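Observations on the three-dimensional arrangement
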Amino acid sequence: MMDLQDKIYVAGHQGLVGSAILRRLQEEGYGNIVFKSHRELDLTRQSEVEAFFLAERPRYVFLGAGLVGGILANTTYPAEFFYSNLAVALNVVHSSYLAGVKKLLFLGSSCIYPREAPQPIPEEALLTSPLEPTNEAYALAKIAGLKMCSHYNRQYGTDFLSVMPTNLYGPNDHYHPEKSHVLPALLRKFHEAKETGASEVLLWGSGSPLREFLYVDDLAEAVVFLMENFSAPDLGETINIGTGEEISIRDLAERVRRVVGFEGEISWDSTKPDGMPRKLLDVHRILSLGWSPKVSLSEGLEGTYRDFKARWEAGTIVS
Ligand code: GFB
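A brief look at the structure comes next. Predicted model, so just to flag it, every value in this text is computed and none were measured. (Residues numbered from 1 in each chain as written. Predicted model: local features only at pLDDT ≥ 70, side-chain atom pairs only at ≥ 80, totals over all residues. Heavy atoms only, no water.)

So, the side chain of R257
The condition that has to hold: Numbering of helices and strands runs from the N terminus, with a helix taken as a DSSP run of H or I at least four residues long and a strand as a DSSP run of E at least two residues long. N or O atoms within 3.5 Å of each other form a polar contact, as long as, within protein, one can give a hydrogen and the other can take it, and as long as residues adjacent in sequence are counted only when both atoms are side-chain atoms. In what follows, a contact means two residues having at least one pair of non-hydrogen atoms within 4.5 Å.
In this fold, R257 is placed in helix 9 (residues 249-260). Among the polar contacts listed, one links the side chain of R257 to the backbone oxygen of F262, at a separation of 2.7 Å. With residues up to four places along the chain from it excluded, the contact list for R257 reads F190, F262, E263, G264 and I266.

Here's the deal with the environment of A310
Note on placement: A310 falls in helix 11 (residues 297-314). Considering only alpha carbons, one finds A310 and E124, 186 residues apart in sequence, at a separation of 41 Å.

Considering the packing of helix 9 against helix 11
Note the threshold: Helix axes use the C-alpha atoms of the stretch in contact, all axes being lines fitted to C-alpha atoms, and the angles between their N-to-C directions lie in the range 0 to 180 degrees. With respect to orientation, any angle under 35 degrees is reported as roughly parallel, any angle over 145 as roughly antiparallel, any angle of 65 to 115 as roughly perpendicular, and every other angle as oblique. Here is the rule for handedness: rotate from the far helix to the near one, and if that takes an anticlockwise turn smaller than a right angle the crossing is left-handed, while a clockwise turn gives right-handed. The nonpolar class holds Ala, Val, Leu, Ile, Met, Phe, Trp, Tyr, Cys and Pro. Asp, Glu, Lys and Arg form the charged class, and all remaining residues, Gly among them, are polar.
In contact at an axis separation of 10 Å, helix 9 and helix 11 are set at 50 degrees when each is read in the N-to-C sense. Compared by their axis directions, helix 9 and helix 11 come out oblique. Pair helix 9 / helix 11 crosses with right-handed handedness. Residues L252, R255, V256, V259 and V260 of helix 9 lie in contact with helix 11, whose contacting residues are L297, S298, L301, E302 and Y305. Of the residues contributing to the contact of helix 9 with helix 11, the split by class is seven nonpolar, one polar and two charged.

Describing the sheet that holds strand 3 (residues 60-63)
Within a sheet, each strand pairs with its neighbour through backbone hydrogen bonds, oriented either parallel or antiparallel. Put simply, the test is: Think of it this way: DSSP has to see at least two bridges between two strands before they count as a pair.
Across the sheet, which stays open at both edges, the six strands sit in the order 2-1-3-4-5-10 with parallel pairing between neighbours. At either margin of the open sheet sits one strand with a lone partner, and together these are strand 2 (33-34) and strand 10 (239-241). Of the strands in this sheet, strand 1 (8-11), strand 2, strand 3 and strand 4 (103-107) touch helix 1 (residues 16-27), which is tilted by about 155 degrees from strand 1.

What follows is the structure in structure tokens.
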């Protein structure tokens, strides 16, 4: 059982996922949480990471750090996505082993599953056929991290859990117009169009791909719940976390347009990629363990738009 005074390291606490995990742990009363900014500790540097772990010796580790981005960032910077995410996984997982970490939770992504996986995608679909090319580099780094956890568990008897969340959104996201994921990009594009009085907003691809969106506070609740109550053998090699519901990008765009209050037109840039035609996780295993999502897409969109506006008005969204 996790004790409120156990030392917990949250890797990536400034990002969308890590900051939500940190909020959740604090709400639950955990009082001994360590975190380091990217500037203080570069997780791609092996010796720095080992020194940090051996000095701090955390008992629990949430690995939510990594280089993330939307479909265009993934296709434009595949080498960076490959290197950063692989190095972070390699260093944090190995250092956790060296420092005797009691339990680690590794966060992957639903893009680890094959492009032609059965839908909804069960955990067993892993490595059964080729990946979606637009995010192959990121997916391979995440698959390596997941497999690393399971091989360490097998050889060293560690308790390293890995979870695969669906597409996430919520406060503290990146709102870069080119590099971000679709949902924050749409909030920004519609908001800017409304402010400037533009008559149309240009979105990418055909609008027909289907995606599943999970509010990041729900994800944080799920991973803290798993860490508190389960060990790696209970979960299997990995476990999906999602809502079980999907929406087309076209319908999502309409929902975001209404939340923002933009009254102009939407047009589609067919030179931009669609990526996976459909990406819906089979979530029956996590539901059977006793977790379910609480935040609807409508509530989540409102909450995320409030976060965006606050930061937009404060001038803290750069570029
Ligand atoms: O969220 P997104 O960038 O990534 O795009 P993926 C989802 C869909 O939204 C794609 C469309 O079909 C995009 O073409 N889309 C429409 C847009 N307009 C926009 C826009 O303005 N910006 C963006 N970003 N998309 C990512 C992976 O895949 O999902 C990552 O690349 C990761 O590796 C992440 O796994 C969760 O869902 O296609």
